[in-house]
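# Chain and residue survey
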Amino acid sequence: MSFWRRFCRNRSAVVGLIILAIVVLIAASAHLLFPEDPFKLVGQSMSPPGENGFLFGSDTLGRDVAAGMAHGARVSLLIGLIATTVAVSLGVLLGAFAGYFGGWVDDVLMRVTEMFQTIPSFIFAILIVAIMKPSINSVIIAIAVVSWPAVARLVRGEFLAMRNREFVQACHIIGMSDWRIMVREILPNCLSPIIVTGSLMVATAILIESGLAFLGLGDPNIISWGFQIGAGRTVLRSAWWVCTFPGIAIMLTVLAINLVGEGLNDAMNPRLRERT
Amino acid sequence: MRSRLYSRPERPTSIVVKRALSSVCLAVGLIASTQALSQTAGGTMVMIAQPEPPSLAPYLSTSGPIGLVAPKIYNGLLDYDLDLNTVPELAESYTVSDDGLTVTFALREGVKWHDGEPFTSADVQFSIMDVLKQFHPRGPNSFREVSSIDTPDELTAVFNLDAPAPYMMRAFSAYESPIVPRHLLEGEDIRASDLANNPVGTGPFKFVEWKKGQYIRLDKNEDYWKEGLPLLDRIVARIIPDASTRTAAMESGEVHYGAFGAIPNIDVVRMRESDDIGVTTDGYAMINPMALIEMNTTKAPFDNPVMRQAISMAIDRQFLIDNIWFGYGKPATSAMTSNFEPLGLYSATPEFYPESPDVDAANALLDEAGITADAEGTRASAVVDLIPYGEDWRRAGEYMKQALADIGVDLELRYEDVPTWLKRIYADYDFELNVNYFYQLPDPVIGVQRHYGTDQIRQGTPFVNSTRYSNSDIDELLAAGAIEVDPTARGEIYAQIQAILGEELPVVNLFEMEFLTVYNEKLKDHTVSAMGAYHSFDRAYIEE
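All values reported here derive from a predicted model rather than from experimental measurement. (Residues numbered from 1 in each chain as written. Chains lettered and ligands numbered in written order. Predicted model: local features only at pLDDT ≥ 70, side-chain atom pairs only at ≥ 80, totals over all residues. Heavy atoms only, no water.)

## Section: the overall build of chain B
Put simply, the test is: Each helix corresponds to a stretch of at least 4 residues labelled H or I by DSSP, and each strand to a stretch of at least 2 residues labelled E; elements are numbered beginning at the N terminus. Our radius of gyration is a C-alpha quantity, and the globule rule it is checked against amounts to 2.2 Å times the number of residues to the power 0.38. Exposure is judged per residue with a 1.4 Å probe applied to protein chains only, and the accessible area is read against the type maximum: over 50% gives exposed, under 20% gives buried, and values in between give partly exposed. Between two residues, a contact is recorded if the distance between any of their heavy atoms is within 4.5 Å. For accessible areas, the Shrake-Rupley method is used with a probe of radius 1.4 Å. Any residue's cover is judged against the shown protein chains and nothing else. Positive charges come from Lys and Arg alone, negative charges from Asp and Glu alone, with His and the N- and C-terminal ends not counted. Charged side chains are reduced to one point each, which is NZ for Lys, CZ for Arg, CG for Asp and CD for Glu.
Counting secondary structure elements, chain B contains 18 helices and 21 strands. The C-alpha radius of gyration of chain B comes to 25 Å, within 12% of the 24 Å expected for a compact globule of 544 residues. With respect to the principal axes defined by its C-alpha atoms, chain B has extents near 85 × 55 × 45 Å. By the burial criterion, 58% of the 544 residues in chain B qualify as buried. Within chain B, residue pairs in contact and separated by at least 24 positions form 70% of the contacts whose partners lie at least 6 positions apart. With an accessible surface of roughly 20900 Å², chain B has 48% of that area assigned to carbon and sulfur atoms. Where the 44 positive side-chain charges of chain B centre and where its 80 negative ones centre are 9 Å apart.

Quick look at the structure:
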């Protein structure tokens, strides 16, 4: 059965994929839908949804909430993807070394990983951003720093299980270098759990970014969903729409990514699916 | 749960009896004064202290939350009514000599400290010379001309000055210059004294307990020197860190009083419709907060006054007030607040403080000065720092970024934590524009001079001249204004100062801020002085 057909057997994953596709489409066409700077004060402040030409209303300064959401989608997705890429790369590298070589390399790397794992990740992210000045780079770094340990442990486990398998021993015998065995032989065999974990990490990254921006630790020059919620929080009782719509956007996107991740898991590990 | 304990004003049975009695009295048409008494005396007032005070040592720190609590415990020599006239407190009267070099205070008789010791002129001498002039943040400035204080008898204190200091007469409130007990502080390390946590004053309320993170409790001083006062039996200052919890506590009647924006403006807009809750902007005349932009006059293009003028002209001050501060505030029209008008010191400089923004004129000014735009319409790029005191200032920054884009100034916003920000602006001078607010205080010598004087370029001291603006004309005028005793002449000097600063604009004032006091309508006579929340509350009462 093809990968695609297996994926489609999971209905909710397909729904997730559709939602995600819409979000990506809106993000990609944000500059066409809303050519103005989303920070621009374009009209009557605190207009309810549907009034004064604002689909989702306007905030306290008269900025278009819908425009902010479209441009914010871009930022949220971008931060999610970049932070996850950084975290996965770091995690794979360290996990692979630890799992493949074992011994003291494993000990050292895993103790370091555990050190990171013992600190509650969101608090740690707040700390990192607070130490550096809040900017898009520091947010990405913070998310990556708190996310890589999970990947490292996962990859280590996979490498540990593979390194004594016959095909790896065969590679040793024909004189392949360690690096080549790791990259060309073992890594492709443990790619599917990494992809599944990575896809779910994008959702977590978006949540962390939103949380940071909500607390006022986001980049003040860049609009994101968390920023919109943070800015609208104080007026929740008089202008509910300012933080409600970006909140729904975060919820839908994170849900969609989780569903897609689940679908990927089913499609890539077909045997797991048979348990149900 | 604990909060409930303090939420309900305690009503001792005697009050109930008095109330019952009073209705009887009324019914039979007897003495009306009994009724007045029964309405007013007794009860517990719950106020919000936000944030928690670092100590209760008003002689060491001017921190706002200390000011909410300490003036209930300590007295000053004078108080100031809502029109800034002096009112006697520990001093029954004072006289200033014709040359302005001697100020004699006649002190009140029979005043006792909370521990029973008598209050004398020696306490005044010690408080001013050994405590406030040495350790208070603004004391060295307020009392800089005071060379000595003579105490010919126990109830007379004579201040000897090196030069006239008219501004000093506005610095004698319980908040600004509390009179502290000499017998408890003399010979002690003033900064380390336990008095900071167990204050002993002469004021209407005695300190009882401080549960850190929860509340501070003060009880009525039965031996208070004002006959029949205070009216309240108890004041509880509750510490409630979360803004929406404070709003909820005010709405439910759990707390009676919250000042200095303890209740966010947006909630006030909704709450002021309620019959049970009142809002006032009175009681801040001694503080005069001004929102402003400090401009680094050593960095291009902000070293050019034309650039600063253009920025001042492009900003819609009313927009900031309406949309971010929800209508509370007044557009700035000069380097000084219009609240100095009753003192005769204020004069408007409308040229670069237009009533509504004039983007075209601002652009024309810049073109004329040769500050031209590149292909993308950008004349200058700059980072603007925002005072890290809350969301409102971020919104203000976001507005400014949009507004200044119209005159080709491309802003990047920077928002850091308080220590980093203070260091950047006042120690490293590593900034271009800084959005901030300053207290202009009751007199320009105390609140305005620190912005502009060359001698106020004090690297490392926060909230002084960060723009490094230096103009010998201004320095001379400031020095002359500080010692001029004649009000008319003084007004003329400050008019000249404002005219120069209105053109040079090292600091562009945005708007005169209005802090809000929100109170339960049952609480009466809480804002009776220019000190507002920093007053003793000896006349406040709760009407049942």
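## Examining the overall build of chain A
In terms of regular secondary structure, chain A is built from 13 helices and zero strands. Helices and strands in chain A line up, N terminus first, as α-α-α-α-α-α-α-α-α-α-α-α-α. Taken along the three principal axes of its C-alpha coordinates, chain A extends 75 × 45 × 30 Å. In chain A, which comprises 276 residues, the share counted as buried stands at 49%. Total accessible area computed for chain A in this model is approximately 13200 Å², and 67% of it derives from carbon and sulfur atoms. Counting 20 positive and 17 negative side-chain charges, chain A places the centres of these two groups 5 Å from one another.

## Details of helix α11 (residues 225-233) of chain A
Within an α-helix, residues lying three or four positions from one another point in the same direction, as the helix has 3.6 residues per turn. α11 of chain A sits mainly inside the fold: eight of its nine residues count as buried. Turning to α11 of chain A, its buried residues number three or more, namely Trp-225, Gly-226, Phe-227, Gln-228, Ile-229, Gly-230, Ala-231 and Gly-232 of chain A. Tucked inside the fold, the buried residues of α11 of chain A contact α2 (11-28), α4 (65-101), α10 (191-214) and α12 (241-268) of chain A together with α13 (391-405) of chain B.

## Description of the pattern of salt bridges
All names here are of chain A. The condition that has to hold: Salt bridge, as applied in this entry: a Lys or Arg side-chain nitrogen positioned within 4 Å of an Asp or Glu carboxyl oxygen.
Enumeration over the complete set of coordinates arrives at 27 salt bridges over all chains. Salt-bridge contacts for Arg-153 lead to Glu-114; the nearest nitrogen and oxygen are separated by 3.2 Å. Of this pair, Arg-153 sits in helix α7 (residues 136-162) while Glu-114 sits in helix α5 (residues 103-118); the two residues are 39 residues apart in sequence, bridging distant segments of the chain. Since its relative accessible area comes to 29%, Glu-114 is described here as partly exposed.

## Re the nonpolar core
Rule in force here: We call a set of buried residues a nonpolar core when its members are Ala, Val, Leu, Ile, Met, Phe, Trp, Tyr or Cys and they connect through side-chain atoms within 4.5 Å of each other.
Membership of the largest hydrophobic core comes to 155 residues, with the highest contact counts inside it found for Tyr-59, Leu-77, Phe-105, Phe-159, Met-168 and Phe-172 of chain B. Ranked by size, the runner-up nonpolar core spans 31 residues in total, among them Ile-229, Ala-239 and Ile-257 of chain A together with Ile-266 of chain B.

## Topic: the packing of aromatic side chains
Just so we agree on the cut-off: Geometry of aromatic contacts follows a simple scheme: Phe, Tyr and Trp rings, the Trp one being its six-membered ring, pair when their centres are within 6.5 Å, and the pair is stacked under 30 degrees between planes, edge-to-face over 60, tilted otherwise. Here, a charge over a ring means that NZ of Lys or CZ of Arg falls within 6 Å of the ring centre while also lying within 35 degrees of the ring normal.
Applying the stated criterion to the full structure yields 33 aromatic pairs over all chains. Their ring planes at 70° and their centres at 5.1 Å tell us that Phe-105 of chain B and Phe-172 of chain B sit as a pair that is edge-to-face. Of this pair, Phe-105 of chain B sits in strand β5 (residues 102-107) while Phe-172 of chain B sits in the loop between β7 (156-161) and α7 (182-185), placing them 67 residues apart in sequence. With relative accessibility at 1%, the residue Phe-172 of chain B sits in the buried group. Aromatic ring contacts, followed pair by pair, group Tyr-175, Phe-260, Tyr-284, Trp-325, Trp-393, Tyr-437, Tyr-439, Phe-511, Phe-515 and Tyr-534 of chain B into a single cluster. Here the basic side chain of Arg-233 of chain A rests over the ring of Phe-214 of chain A, its NZ or CZ set 4.8 Å away from the ring centre.

## Looking at the sheet that holds strand β18 (residues 507-513) of chain B
Across a sheet, strands are paired by hydrogen bonds formed along the backbone, either parallel or antiparallel in direction. All names here are of chain B. Worth spelling out the cut-off: Strand pairing follows a simple DSSP-based rule, namely that at least 2 bridges must link the two strands. All axes here are fitted lines through C-alpha atoms, helices being fitted over the stretch that makes contact, and every angle between N-to-C directions spans 0 to 180 degrees.
Pairing is mixed in the open sheet, where six strands are placed in the order β14-β18-β13-β17-β15-β16. Bordering the open sheet on either side are β14 (329-331) and β16 (409-414), each of which pairs with just one other strand. Shown here is a sheet whose adjacent strand axes are inclined to one another by a mean of 30°, direction ignored. Alignment of strand β15 (residues 380-386) against strand β17 (residues 433-439), held across three bridges, turns out to be parallel. Pairing of Asp-385 across the sheet is with Asn-434, part of β17. On the sheet, helix α10 (residues 305-314) packs against β13 (289-295), β15, β16, β17 and β18 and is oriented at approximately 140° with respect to β13.

## Considerations on the environment of Gln-402 of chain B
If you trace the backbone, Gln-402 of chain B turns up in helix α13. Gln-402 of chain B gets classed as buried once you look at its relative accessible area, which sits at 10%. A sequence separation of 168 residues divides Gln-402 of chain B from Arg-234 of chain B, and the C-alpha atoms of the two residues are 50 Å apart. Discounting chain neighbours no more than four positions away, the residues touching Gln-402 of chain B are Asp-37, Phe-39, Lys-40 and Leu-41 of chain A.

## Some details on the environment of Val-146 of chain B
Residues and elements named next belong to chain B. Topologically, Val-146 is positioned in strand β6 (residues 146-153). We classify Val-146 as buried; its relative accessible area is 1%. Residues within four places of Val-146 in sequence aside, it is in contact with Met-129, Lys-133, Phe-159, Asn-160, Leu-161 and Met-168.

## Here's the deal with the sheet that holds β6 of chain B
All names here are of chain B. Read across the sheet, four strands follow the order β4-β5-β7-β6 without closing on themselves; strand pairing throughout is antiparallel. Sheet topology places β4 (91-96) and β6 at the edges, where each strand pairs with a single neighbour. On average, each strand axis in the sheet is tilted by 20° relative to the strand beside it, whichever way the strands run. Of the pairings in the sheet, the one linking β5 to β7 comprises five bridges and is antiparallel in character. Across the sheet, Ala-106 pairs through a bridge with Thr-156, a residue of β7. Where helix α5 (residues 121-135) meets the sheet, its contacts fall on β5, β6 and β7, and the angle it forms with β6 comes to roughly 165°.

## Some points on the interface of chain A and chain B
Reports often express the size of an interface as the amount of accessible area lost when the parts come together. Basically, it comes down to this: Accessible area that two parts lose when put together, with a 1.4 Å probe and added across both, is what the buried area reports. What qualifies as a polar contact is a pair of N or O atoms within 3.5 Å, subject to a donor-acceptor requirement within protein and to the restriction that residues adjacent in sequence count only when both atoms come from side chains.
Residue-level contacts link 23 residues of chain A with 21 residues of chain B. For the pairing of chain A and chain B, the buried interface totals around 1900 Å² over both sides, and the portion due to carbon and sulfur atoms is 51%. Interface area lost by chain A to chain B is led by Leu-61, Asn-221 and Arg-237 of chain A, which between them contribute 28%. A salt bridge links Glu-398 of chain B to Arg-63 of chain A, with the nearest nitrogen and oxygen atoms 2.6 Å apart. Seen at the junction of chain A and chain B, the total is six residue pairs in polar contact (both at pLDDT 80 or more).

## Let's talk about the environment of Ser-356 of chain B
Residue and element names in this part refer to chain B. In this structure, Ser-356 sits in the loop between β14 and α12 (359-368). Overall, the relative accessible area of 49% leaves Ser-356 in the partly exposed class. A C-alpha to C-alpha distance of 9.6 Å links Ser-356 and Pro-331, two positions 25 residues apart in sequence.

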